[in-house]
Amino acid sequence: MASVANLRVDYIDRPLGLENRRPRFSWTIEGEGRDLRQAAYRVQVAAHEAALADGAFLWDSGRIASSRSLDVVYDGPELVSRQRCAWRVSVWLATDGEPIESVPSWLEMGLLEADDWRAAWIAAPTPEGDDGKTPLPAALMRRRFATAGPVVAARLYVTALGAYEISLNGRRVGDARLAPESTDFRRRGLYQVHDVTGLVEPDENLIGALLGDGWYGSAFGWKNERGIFGAPPNRLRAQLELTYADGGRETISTDEAWRTAVSAIVSSEIYDGEVYDGRLEQAGWDEAEFDDRDWAPVVLPETLDLPLAAQVSPPIRPTEILRGKTVTETDPGVFVFDFGQNFAGWVRLHAQGPAGTTIRLRFAEILGEDGRISVENLRGAKATDTFILAGAGAPETFEPRFTYHGFRYVEVTGYPGTLALEALEGVVAHSDCAITGSLDIADPTLAQVWRNSVWSQRSNLFGVPTDCPQRDERLGWMGDAQVFWDAASYTMDVDAFTRRFLGDVRVAQRRTGGFPDVTPYELRWDGSPGWADAGVILPWTLYRKYADTGVIDENWDAMERWLAWIAANNPDHIWRNKRGVDYGDWLAVDAVKPGDPTSPKDLIATAFWAYDAALMAEMAAATGRAEEAATYAALHETLRKAFVGEFVRADGGVGNDSQTSHVLALRFGMVPEPLRAASVDRLAADIARRGDKLSTGFLGTPYILDALADNGREDVAIGLLLQTEFPSWGYMVAKGATSMWERWNGDTGDVSMNSFNHYAYGAITGFLYRRLAGIAPAAPGFDVVEVRPIDDARIDYGGGRYLSAKGPISTSWRRPADGRFSLDLVLPPNTTGRLRLPARAGQGLFEDGRPFDGATTHENGRIAADIGSGAYRFEVR
């Protein structure tokens, strides 16, 4: 029996605070059997579930003959602030004339108009003589209120310039950390919406808040300066909206009636860490009965009119607890914990001792040769937490609230007594995007490479896609994101996360059209090739993985301005001018300095310009922009011809014949077909000349394996994957890496820029899913799944699982010594498959031991067949 499941709005399960007035509906079909295909659908939206049942619809799509189950646009009356809607979908299968109806789901809108906000910005009084450059204690804030009757609904809308935690009657609201997340607070802030109906008590209530520095108040950026997004003080803005049983409404907002006091958090900064003094804790401060007569009234500081957007993407929250592997006393009273894994988050410390006992925790990714922690690569980040015991005569627990670190090791000093492994727990935290993929890999080193990539992704999805989690940077570098996003979108569901980030990218776009290289931050230079292009590549990636066309519409104007800006400055269609910092193939193996031109920078730039144009043509066609699709297709062809004339030689040489020159030209379709074989031969020859090793950097590495495998050199691609000498992914593993390195030579590289948790080189995880597991989208949203596993005797089995927007896809294949390739495959309902399995001459395709009863063809050493959804067991023999 089939069913309709996983109802989503804008790819989110029951969004609270949606701001898209024309949201998009998606669902999956679940059921066993073969060839389950949707023939038609009907979406119905109403004010509430009872109205759905009664047929009082806000919008009824009617029966639409289509297999579409993703990205169905709402076409009813425009949705308004606070509006809550129930919705359901009915599906007709091609094999059954009766509709299958889903259970209802819902969506709720946020505050869509500026005047929906009635709350004032409030702050703690600034201490006399404060110069705004010293970290101040986090502030406690509270206000009592009484309800006027039974409450049937309560919504809390809250944000800060700083970071907050908020509670009702002593119970914390939500589990997000470091909210609101990093944005350019001069231009855009995020607010969170909470359903707190169950937390409101009859009669007396207390709303309390803890306000720390967060990204707004902390020192930030390379200069480690405070106030780059605005002047102190930290501020809170919140409004609690109550709906009573009699239909009445009441709003409790931040205003002059709130009171404030200093908290036990003496200081809290993103880079430097947190200091907590348990002796200053005021027990019960967040409950109505607490006596706050000694507290001061809040102040209402002048605040710029900051545009606010609701955050509906997954928040930063703890997702896993790690236990220490070893603890070593390196010096008297100095202990070093090893968690066995480099990760982002913080620790939870348990201790008991006299009042005033001061315990310091210093965080590091690596150890020196003497076994002590090494913190040189953290640069200006102090990465130190301090816990001062209250001395309550009982065990105390410290867990920081407004900081995070990137680390494997923790140095502990000042601990009272013997430090046991159980005293410290590692709290893994990141933007809690759902894990959607896993791999089965025969080679243990390659399997560790994949795990390292996953850990670096978990460590660097922290509100925005950061470059690193440990040093005084942690910025949303666009180049790192664009090369990694194919991999990222296999490992996690990153649709909502990416759309939230692209909102920051749009507000950071320059008036001239240039996208930023990093956001949120103020870098006053033109967008750089391979970095700023993320403004086009990220929306396209979401379109391919999730069939999301909404992200195209949201970013279309910005993307067009970017392409127009490049064209206006480069009329001969070679990107020579306005290339910003022009990083080139950053950190390539042969570079002495990180941005050395080991490959021609105008070649790299023009290749990415052409790639942008090709993606724009595809996205234009997907959104009904036929004229623009033709325009960008023509631009791509013009750029391709210009590229060939400038950089491609008649003998198949490209640029300076660097690996990256050939990789980008091949992968982006810039090499004329008659010369592709010569180009890939030159690429393979250079790899062989170097001892089967690569020389690529940030921009060449993500594409090198595809450039080889798609042009008949799977053997060379696998050789690079299995390499364990420098430079290679396996070399990092051989040196004990548990996450991806920033540099190929991380073990010997310049400590001033040497992160051991940098996902860029983990971009090859996308290749592992597509070509090792054999799970690739042959159509947007995996409507058609290409199953084309790699063909190399050095890897005798592989597979993977991916929770696509259409449902779970799984593969498991083996290549025994007798040459009989076998594959177990599951395709979800409402998809089809395109098999391309390794085959020798004379071999045929068998299913469950019998000859396959569908059409097959042989092409380029593979047997090809098209199949419907369902579970299969194939063999080639």
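Keep in mind that this is a model prediction, so the values were computed, not measured. (Residues numbered from 1 in each chain as written. Predicted model: local features only at pLDDT ≥ 70, side-chain atom pairs only at ≥ 80, totals over all residues. Heavy atoms only, no water.)

Peer 1: So what exactly am I meant to see when it comes to the overall build of the chain here?
Peer 2: In terms of regular secondary structure, the chain is built from 15 helices and 44 strands. In terms of overall size, the chain behaves like a compact globule, its C-alpha atoms giving a radius of gyration of 28 Å where 877 residues would be expected to give roughly 29 Å. Expressed along its principal axes, the backbone C-alpha trace of the chain runs to roughly 90 × 75 × 60 Å. Taking all 877 residues of the chain together, 61% fall into the buried category. A fraction of 75% describes how many contacts in the chain between residues 6 or more apart in sequence connect residues 24 or more apart. (Helix = DSSP H or I, 4+ residues; strand = E, 2+ residues; numbered from the N terminus. Rg over C-alpha atoms; globule rule 2.2 N^0.38 Å. Buried < 20%, exposed > 50% of the residue type's maximum accessible area, 1.4 Å probe, protein only. Contact = heavy atoms within 4.5 Å.)

Peer 1: What am I meant to see in unusual backbone geometry here?
Peer 2: A negative phi angle is the norm for most residues apart from glycine, just as the trans form is the norm for most peptide bonds. Look at the link from P232 to P233: it is a cis peptide, with omega at 10°. Take P233: it is sitting in the loop between α2 (214-217) and β16 (235-244). Residue P520 follows T519 across a cis peptide bond; omega there is 0°. Along the polypeptide, P520 turns up in the loop between α5 (495-508) and α6 (534-546).

Peer 1: Quick question: what am I supposed to make of the nonpolar core here?
Peer 2: Counting 216 residues, the largest nonpolar core has V410, V412, W485, W729, L835, L837 and F874 as its most contacted members. The element best represented in this core is helix α8 (residues 601-622), accounting for 14 residues. Residues in contact with L837, not counting those within four places in the same chain, are V787, P789, F821, L823, L845, G861, R862, I863, F874 and V876. (Core = buried A, V, L, I, M, F, W, Y, C linked by side-chain atoms within 4.5 Å.)

Peer 1: What should I look at first to understand the packing of helix α3 (residues 444-460) against helix α15 (residues 765-773) in this one?
Peer 2: Two measures define how a pair of helices packs: the angle their axes make with one another and the distance between the axes. Interaxial distance between α3 and α15 falls to 10 Å at its minimum, and their mutual angle equals 125°. One way to sum up the angle between α3 and α15 is to call them oblique. Between α3, through L446, W450 and S453, and α15, the contact on the second element is made entirely by T765, L768, Y769 and L772. For the contact of α3 with α15, the class distribution of residues is five nonpolar, two polar and no charged. (Axes fitted to C-alpha atoms, helices over the stretch in contact; angles between N-to-C directions. Parallel < 35°, antiparallel > 145°, perpendicular 65-115°, else oblique. Nonpolar A, V, L, I, M, F, W, Y, C, P; charged D, E, K, R; others polar.)

Peer 1: Is there a simple way to explain the sheet that holds strand β6 (residues 72-73) in this structure?
Peer 2: In a beta sheet, neighbouring strands pair by backbone hydrogen bonds and run either parallel or antiparallel. The three strands are arranged β1-β3-β6 in an open sheet whose pairing can be described as antiparallel. Edge positions in the sheet fall to β1 (3-9) and β6, since each of these pairs with one other strand and no more. Across two bridges, the pairing between strand β3 (residues 24-30) and β6 is antiparallel. Among the inter-strand pairings, R24 is bridged to a residue of β6, identified as V73. (Pairing = 2+ DSSP bridges.)

Peer 1: I keep staring at the pattern of salt bridges and nothing clicks. Help me out?
Peer 2: Pairing is possible between side chains of opposite charge, provided their charged atoms come close. Taken as a whole and judged by the stated rule, the model has 84 salt bridges. Here D195 makes a salt bridge to R155, at a shortest N to O gap of 3.0 Å. With a gap of 40 residues between them, D195 in strand β14 (residues 189-195) and R155 in strand β11 (residues 151-161) connect regions that are remote in the sequence. Exposure remark for D195: the relative accessible area of 45% places this residue in the partly exposed category. (Salt bridge = Lys/Arg side-chain N within 4 Å of Asp/Glu carboxyl O.)

Peer 1: Explain the packing of helix α10 (residues 659-667) against helix α12 (residues 701-709) to me, please; I cannot follow it from the model alone.
Peer 2: Remark: α10 packs on α12, axes separated minimally by 8 Å, with the N-to-C direction vectors making an angle of 65°. Considering their axes alone, α10 and α12 lie roughly perpendicular with respect to each other. Classified by chirality, the crossing of α12 by α10 is left-handed. Only Y703, I704, D706 and A707 of α12 make contact with α10, whose side of the interface consists of Q659, V663, L664, L666 and R667. (Left-handed = near helix turned anticlockwise from the far one by under 90°.)

Peer 1: Help me understand the environment of N577, please; the structure alone is not making it clear to me.
Peer 2: Its location among the elements puts N577 in the loop between α7 (550-569) and α8. For the pair N577 and A567, spaced 10 residues apart in the sequence, the C-alpha separation amounts to 9.9 Å. If near-sequence neighbours (up to four positions away) are discounted, N577 is found in contact with N569 and N570.

Peer 1: What is the right way to read the sheet that holds strand β15 (residues 204-212) from this model?
Peer 2: Overall, antiparallel pairing links the six strands, which are arranged β13-β12-β15-β10-β18-β21 in an open sheet. For this open sheet the edge positions go to β13 (171-172) and β21 (296-297), each flanked by a neighbour on one side alone. As judged from the two bridges shared by strand β18 (residues 259-262) and β21, these two strands associate in the antiparallel manner. By the bridge assignment, T260 is partnered in β21 with A296.

Peer 1: Any chance you could explain the packing of aromatic side chains here in plain terms?
Peer 2: Any pair of aromatic rings gets described here by the distance separating the centres and the angle formed by the planes. Under the counting rule described, the total for this entry stands at 52 aromatic pairs. Look at F852 and F874: their rings are 6.0 Å apart centre to centre, the planes differ by 70°, and that puts the pair in the edge-to-face class. With F852 in the loop between β42 (850-851) and β43 (857-859) and F874 in strand β44 (residues 862-876), this pair connects stretches of sequence that are 22 residues apart. Joined through ring pairs, the aromatic side chains of F185, Y216, F220, F229, Y271 and Y521 make up one cluster. Against the face of W295 rests R142, its NZ or CZ located 5.8 Å from the ring centre. (Phe/Tyr/Trp six-rings, centres within 6.5 Å; stacked < 30°, edge-to-face > 60°. Lys NZ or Arg CZ within 6 Å of the ring centre and 35° of its normal.)

Peer 1: Hey, could you run me through helix α9 (residues 626-647) in this one?
Peer 2: In an α-helix, one turn spans 3.6 residues; hence positions three or four apart end up facing the same way. For α9, built from 22 residues, the straight-helix expectation of 32 Å at 1.5 Å per residue is met to within 8% by its first-to-last C-alpha distance of 31 Å. For α9, the complete set of buried residues consists of A629, Y632, L635, H636, L639, R640, F643, V644 and F647. Buried positions along α9 lie against α7, α8 and α10. (Expected span 1.5 Å × (residues − 1).)

Peer 1: Explain the side chain of K545 here, please?
Peer 2: Within the element layout of this structure, K545 appears in helix α6. Of the polar contacts made by the side chain of K545, one reaches the side chain of D486; its length is 2.9 Å. Leave out the neighbours within four places in its chain, and K545 touches D486, S489, Y490, P777, G781, F782 and Y802. (Polar contact = N/O pair within 3.5 Å; in protein donor to acceptor, adjacent residues only side chain to side chain.)

Peer 1: Can you help me understand the environment of S456 in this one?
Peer 2: Summarising the element assignment, S456 is placed in helix α3. For S456, a relative accessible area of 0% translates into the label buried. Spatially, the C-alpha atoms of S456 and F756 are 9.0 Å apart, while their sequence positions differ by 300 residues. If sequence neighbours within four positions are ignored, S456 has contacts with S739, M740, N757, H758 and Y759. Separated by 2.8 Å, the side chains of S456 and N757 make a polar contact.

Peer 1: I tried to follow a negative patch on the surface on my own but got confused; where do I start?
Peer 2: Taken together, the side chains of D203, E204, E287 and E289 present a region of like negative charge at the surface. Here E287 is to be found in the loop between β20 (273-277) and β21. (Patch = residues over 30% accessible without salt bridge, like charges linked within 9 Å, V, L, I, M, F, W, Y side chains within 5 Å. Areas by Shrake-Rupley, 256 points an atom, 1.4 Å probe, with all protein chains shown as cover. Lys, Arg positive; Asp, Glu negative; His and termini not counted. Charge placed at Lys NZ, Arg CZ, Asp CG, Glu CD.)

Peer 1: Looking at this model, I keep getting lost on the pairing of β3. Mind explaining?
Peer 2: Two faces, one strand: in a regular strand the side chains alternate between the faces of the sheet. Where burial is concerned, most of β3 is hidden: six out of the seven residues are buried. Where β1 and β3 come together, five bridges link them in antiparallel fashion. Across the sheet, the residue bridging to R8 is S26, located in β3.

Peer 1: Hey, could you run me through the environment of D35 in this one?
Peer 2: Examined against the element boundaries, D35 turns out to sit in the loop between β3 and β4 (38-46). Not counting residues within four places of it along the chain, the set of residues in contact with D35 comprises G868, S869 and Y872.

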